[in-house]
Amino acid sequence: MAERKVVAVIGASGFLGRHIVENFLSHGWYVVGFSRRKVEFVGGEYSWQYLDIEDPRSVESVDFRRFSAVILNSGLVASNNPARFWAVNGVGTFNVVSHLESTGYEGKFLYISSLAIYGPGEHSHDEEEFNPVSEYGRSKLFAERLIRRSKLKWNILRPPVIFGEYDVGLKDIIRLISLGVGLRWNSPKVISMVYAGNVAEAVRCVIESSVDATTFTIKDADFTWEDFSVYVSSALGKKIKFWITLNDFIIKSIFYPGIFLGCILGVSSFFNRDKLKELTADKWVYKSTNVEITGYSRVFSLEESISRSLRNWYLQK
């Protein structure tokens, strides 16, 4: 009898985490989702368990040795409080890695990192020079270095900007485009993007491969904001009727009130210092990717990815 495949997905209730769970379930894995907020899944064998990675006692209460693989997808991507990035992405990762090592965990461990660890520019999959410009990027790089020094059978995946169902970051922008309003910059800014469903496929391929101690990069396409506006409007069968031309001054004028309000209210939002630094950079792109060595190939074409996202999420009320 074949060994039962059981995977732990830490951060199962998040945007990408939900795609990861759905992918593993669709391929016959038994999935246990860990998060602070409970989320249900249908179609496959799934169970949920509370976990707060910031609390070492919560982490130590879980016996991960029963899992074939552990995926650490839990992380903070937006906050007006820089210390929160280190509490979640730094200390949280330390708690998980320390517990796995202390219990002698022998399964596969995959950490979901980010293009943000490199800083702006054009980057290759084999590049090992890092210059993050945000607390988010610095905290993710710190977490990576913890993992790379560990005794675990680790791999790391560094996606660029991710879009798809359950994403809130691009929702307002896409709804604006759906009204015929396009966004572009006075000087083009280019970003690599990838559909969450394809990232989830890559995650499973990494787990099912024999590759260890490797960092992986992935992308679907590179876009300027103008390109993205046209692509989305075309997917809707519409044309851009009006263009808003952005520049750094306009973006800062929009963001600073949002940053101030977030600090006063103590809430995380899209309008934070990190996001401002990312938006005003000229390039965030991968020149090359290497996740294909695991046997990965895109499940969803760019056209299908955008159409699915629009239909199932971004334009839903």
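Whatever comes next refers back to the structure up there.
The structure displayed is predicted, hence computed values, not measured ones.

1. Notes on the overall build of the protein
- Across its full length, the protein carries 10 helices and 14 strands.
- Its C-alpha radius of gyration of 19 Å places the protein within 12% of the 20 Å reference for a compact globule of 317 residues.
- Taking the intrachain contacts of the protein between residues at least 6 apart in sequence as the baseline, contacts between residues at least 24 apart amount to 76%.
- On the protein, roughly 14,500 Å² of surface is accessible, and the fraction owed to carbon and sulfur atoms is 54%.
- Both charge centroids of the protein, one from 38 positive and one from 35 negative side chains, sit 4 Å from each other.

2. Topic: the nonpolar core
- With 33 residues, the main nonpolar core has Phe-24, Val-31, Ile-71, Leu-157 and Val-203 as its most contacted residues.
- Those elements that place two or more of their residues in this core are strand 1 (6-10), helix 1 (15-26), strand 4 (69-72), strand 5 (108-112) and helix 6 (196-208).
- Among the elements that line this core, the one with the most residues is helix 6, at eight residues.
- Look past the residues within four positions of Phe-24 in its chain and what remains in contact with it is Val-7, Trp-29, Val-31, Ile-71, Val-203, Arg-204 and Ile-207.
- In this structure, Ile-173, Ile-177, Phe-300 and Ile-306 belong to the second largest nonpolar core, which totals 32 residues.

3. Observations concerning the packing of aromatic side chains
- The full count for this structure, using the stated rule, is 15 aromatic pairs.
- Here Tyr-118 and Phe-130 contribute two aromatic rings whose centre-to-centre distance is 5.4 Å and whose plane-to-plane angle is 40 degrees, an arrangement assigned as tilted. Here Tyr-118, found in the loop between strand 5 and strand 6 (121-123), pairs with Phe-130, found in the loop between strand 6 and helix 4 (135-148); they are 12 residues apart in sequence, far enough to count as distant.
- Judged by relative accessible area, Tyr-118 falls into the buried class, the value being 2%.
- Arranged with centres 5.9 Å apart and planes meeting at 90 degrees, the rings of Trp-185 and Trp-225 form a pair that is edge-to-face. Taken together, the positions of Trp-185 in strand 9 (residues 181-185) and Trp-225 in helix 7 (residues 225-235) put the pair 40 residues apart, joining distant regions of the chain.
- Trp-225 sits in the buried class, given a relative accessible area of 15%.
- Taken together, Phe-34, Phe-64 and Phe-67 form an aromatic cluster joined through their ring pairs.
- Over the aromatic face of Tyr-166 sits the side chain of Arg-18, whose NZ or CZ is 3.9 Å from the ring centroid.

4. Considerations on helix 10 (residues 302-314)
- Here helix 10 is 13 residues long, yet its end C-alpha atoms lie only 16 Å apart, well below the 18 Å a rise of 1.5 Å per residue gives.
- Buried positions along helix 10 lie against strand 8 (161-163), helix 5 (171-178), strand 10 (190-195), helix 6, strand 12 (221-224) and helix 7.

5. Re the side chain of His-123
- If you trace the backbone, His-123 turns up in strand 6.
- Here the side chain of His-123 touches Glu-127 through a polar contact of 3.0 Å, side chain to side chain.
- Every residue in contact with His-123, bar those within four places of it in the chain, is listed here: Leu-115, Tyr-118, Val-285, Tyr-286, Lys-287 and Ser-288.

6. Brief notes about the packing of helix 7 against helix 10
- Look at helix 7 against helix 10: their axes get within 10 Å of each other, and the N-to-C directions meet at 70 degrees. Taken together, the axis directions place helix 7 and helix 10 in an arrangement best described as roughly perpendicular. Where helix 7 approaches helix 10, its residues Tyr-231, Val-232 and Ala-235 are matched on the opposing element by Leu-302, Glu-303, Ile-306, Ser-307 and Leu-310.
- For the contact of helix 7 with helix 10, the residue count by class is six nonpolar, one polar and one charged.

Conventions used here
- Residues numbered from 1 in each chain as written.
- Predicted model: local features only at pLDDT ≥ 70, side-chain atom pairs only at ≥ 80, totals over all residues.
- Heavy atoms only, no water.
- Helix = DSSP H or I, 4+ residues; strand = E, 2+ residues; numbered from the N terminus.
- Rg over C-alpha atoms; globule rule 2.2 N^0.38 Å.
- Contact = heavy atoms within 4.5 Å.
- Areas by Shrake-Rupley, 256 points an atom, 1.4 Å probe, with all protein chains shown as cover.
- Lys, Arg positive; Asp, Glu negative; His and termini not counted.
- Charge placed at Lys NZ, Arg CZ, Asp CG, Glu CD.
- Core = buried A, V, L, I, M, F, W, Y, C linked by side-chain atoms within 4.5 Å.
- Buried < 20%, exposed > 50% of the residue type's maximum accessible area, 1.4 Å probe, protein only.
- Phe/Tyr/Trp six-rings, centres within 6.5 Å; stacked < 30°, edge-to-face > 60°.
- Lys NZ or Arg CZ within 6 Å of the ring centre and 35° of its normal.
- Expected span 1.5 Å × (residues − 1).
- Polar contact = N/O pair within 3.5 Å; in protein donor to acceptor, adjacent residues only side chain to side chain.
- Axes fitted to C-alpha atoms, helices over the stretch in contact; angles between N-to-C directions.
- Parallel < 35°, antiparallel > 145°, perpendicular 65-115°, else oblique.
- Nonpolar A, V, L, I, M, F, W, Y, C, P; charged D, E, K, R; others polar.

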